[in-house]
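# Structural overview
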Amino acid sequence: YRVLRLITWLPRGGIERKIVAVLPRLDRNLFDTHLCCIRERGPLADELEQQGIPVHVVPFRTRWDVKGLRALAELVKREQIDLIHAHMYRANTPATALKLAGLDVAVIGHYHNIGTWESWRQRFLDRFLANKRDMNLAVSEAVRQDVLRTLQLPEEKVRVLHNGVDLEEFRPVEPTQRIQLREELGLPRNATVVMMAARFVTQKNHAWVVANIQPVMDEHPDLVVAFAGTGPEEARVRHQAAASRHAKRFVFLGQRTDIANVLAAADISILPSSREGFSNAILESLACGLPVIASRVGGNAEVLVSGENGFLLDMHDAEPAPLPDRDQFLAALRLLAGDAEKRTQMGQAALATARRFSLDTMVEATSRLYLELLSR
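Conventions and cut-offs
Residues numbered from 1 in each chain as written. Predicted model: local features only at pLDDT ≥ 70, side-chain atom pairs only at ≥ 80, totals over all residues. Heavy atoms only, no water. Disulfide = S-S within 2.5 Å. Phe/Tyr/Trp six-rings, centres within 6.5 Å; stacked < 30°, edge-to-face > 60°. Helix = DSSP H or I, 4+ residues; strand = E, 2+ residues; numbered from the N terminus. 1 Å grid on protein atoms, 1.4 Å probe; cavity = no way out; pocket = protein on both sides within 12 Å on 5 of 7 lines; lining within 4 Å. Points joined across faces, edges and corners; volume = space filled by probe spheres on them. Nonpolar A, V, L, I, M, F, W, Y, C, P; charged D, E, K, R; others polar. Expected span 1.5 Å × (residues − 1). Buried < 20%, exposed > 50% of the residue type's maximum accessible area, 1.4 Å probe, protein only. Arc of directions from axis to C-beta. Contact = heavy atoms within 4.5 Å. Salt bridge = Lys/Arg side-chain N within 4 Å of Asp/Glu carboxyl O. Core = buried A, V, L, I, M, F, W, Y, C linked by side-chain atoms within 4.5 Å.

### Structural notes on the state of the cysteines
The tally for this structure, following the rule as stated, stands at zero disulfides. The cysteine cysteine 37 is free of any disulfide, with cysteine 36 supplying the nearest cysteine sulfur at 6.6 Å.

Below, the structure is given as structure tokens:
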């Protein structure tokens, strides 16, 4: 069977990294897999091609760009594609348009977050298109319920395909290796390291972390807060951290391609986002044996159990987006920062959770779904 994954482009984001991890693992005897970007290639395209997955580019100026649709249809015909698996509204739309135009191809639309529709027109159109697809996927039950409710779809039209984590790449390391990693990253050897691995965008709440974490830093002089990632909010958060009383204990690691090493060097992982679908950063942290403090949003409650493998923070209404409970955040941090034994205990529970969400499990589920749809 010939499969085409369709996406806007391939930056170093969580969704895109997951695609690059999954596609080469699909059985090559069953699936000849291609990927098509509808904007530009992006930095992960080379990695995918090095693993034998062809990457095509068909530029779309708008979601209904007639020239783009024609070129995409030509690609589908030329490569004799049997199934298109599209990601997010921007790619889901043209993929479904080809089916409406009469191409004999199965279509999957994939939803990665909650509340992704920007207007009532998008919701109205997507409701129509989602009904025409062979299947719609959601990265968590929370996202599935959001899609069902917003688009008013029948239950059987949307399934959950949880993200998976590569347990060979993301794993705990020995104490000596951890010290070596810290030295390479410029982190103090004996610090308690709180890591936040996330793009610097408003919904992740980096600025909220800097503003609220300092009371715990006052009480724990060995506590260091490290941020891995880049994005539009980075300059503002760097300035905010530099102006704080603990400026030297905020570390900015920039864009990283070695997130497994970054997490393995830490003691605690945090992700106090206002919005999530099903966080890859949380799964990767758990697989590295880290307790995770995260917001009770999206699918986070499908992997985190407060007091067992981490802590979930209740959300409070705020503008422009809800914010996590500050007191719960500080209480969870105080507990973990002051109790190495508790961190170890919760880290063991974190590992057990990660094993239930392995990348192999995700690959097998993807393969089963493809075979089911292609045999209809």
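### Quick look at the packing of aromatic side chains
Any pair of aromatic rings gets described here by the distance separating the centres and the angle formed by the planes. Tallied over the full model, the rule gives eight aromatic pairs. Centroid distance phenylalanine 227 to phenylalanine 252: 5.2 Å. Interplanar angle 35°. Geometry classified as tilted. Highlighted residues: phenylalanine 227 in strand β9 (residues 223-228) and phenylalanine 252 in strand β10 (residues 250-254), separated in sequence by 25 residues. Three or more aromatic residues link up through ring pairs in this structure, and these residues are Phe200, Phe227, Phe250 and Phe252.

### Focus on empty space enclosed by the protein
Applying the stated criterion across every chain yields a total of one cavity of 30 Å³ or more. What the largest cavity holds in volume is close to 40 Å³. Considering only residue class, the lining of the largest cavity consists of seven nonpolar, two polar and no charged.

### Overview of helix α14 (residues 340-356)
Under the 1.5 Å per step criterion, the end-to-end length of α14 is 25 Å for 17 residues, consistent within 8% with the ideal 24 Å. For α14, the full list of buried residues reads Arg343, Met346, Gly347, Ala350, Leu351, Thr353 and Ala354. Angularly, the buried residues of α14 cover 160° about the axis, an arc narrow enough to put them on a single face. Turned more than 90 degrees away from the buried face of α14, the exposed residues are Glu341, Gln348, Arg355 and Arg356. Buried-residue contacts for α14 involve β8 (192-197), β11 (268-271), α12 (280-287), β13 (310-313) and α13 (326-337).

### Structural notes on the pattern of salt bridges
Enumeration over the complete set of coordinates arrives at 27 salt bridges. The salt bridge partner of glutamate 141 is arginine 144, with a shortest N-O separation of 3.1 Å. Of this pair, glutamate 141 and arginine 144 both sit in helix α6 (residues 141-151), three residues apart, which is roughly one turn of that helix. Between arginine 149 and aspartate 146 there is a salt bridge, with the nearest N and O atoms lying 3.5 Å from each other. Placement of both arginine 149 and aspartate 146 in helix α6 is noted, with a separation of three residues, approximately one turn of the helix. We classify arginine 149 as exposed; its relative accessible area is 56%. Its relative accessible area of 8% is what places aspartate 146 among the buried residues. When salt bridges that share partners are traced, they join Arg2, Asp32, Arg78 and Glu79 into one network.

### Digging into helix α5 (residues 120-132)
Across its 13 residues, α5 extends 19 Å between first and last C-alpha, which sits within 8% of the 18 Å expected from 1.5 Å per residue. Residues of α5 that are buried: Gln122, Asp126, Leu129 and Ala130. On the buried face of α5, the contacting elements are α4 (88-100), β5 (106-111), β6 (135-138) and α6.

### As for the nonpolar core
Nonpolar side chains tend toward joint burial in soluble globular proteins. Membership of the largest hydrophobic core comes to 79 residues, with the highest contact counts inside it found for Leu187, Met195, Phe227, Phe250, Ile293 and Phe329. With residues up to four places along the chain from it excluded, the contact list for isoleucine 293 reads Ile268, Ser269, Ile270, Leu271, Phe311, Leu313, Phe329, Ala332, Leu333 and Leu336. Within the second largest apolar cluster, 29 residues are counted, among which are Ile7, Val20, Leu44 and Leu161.

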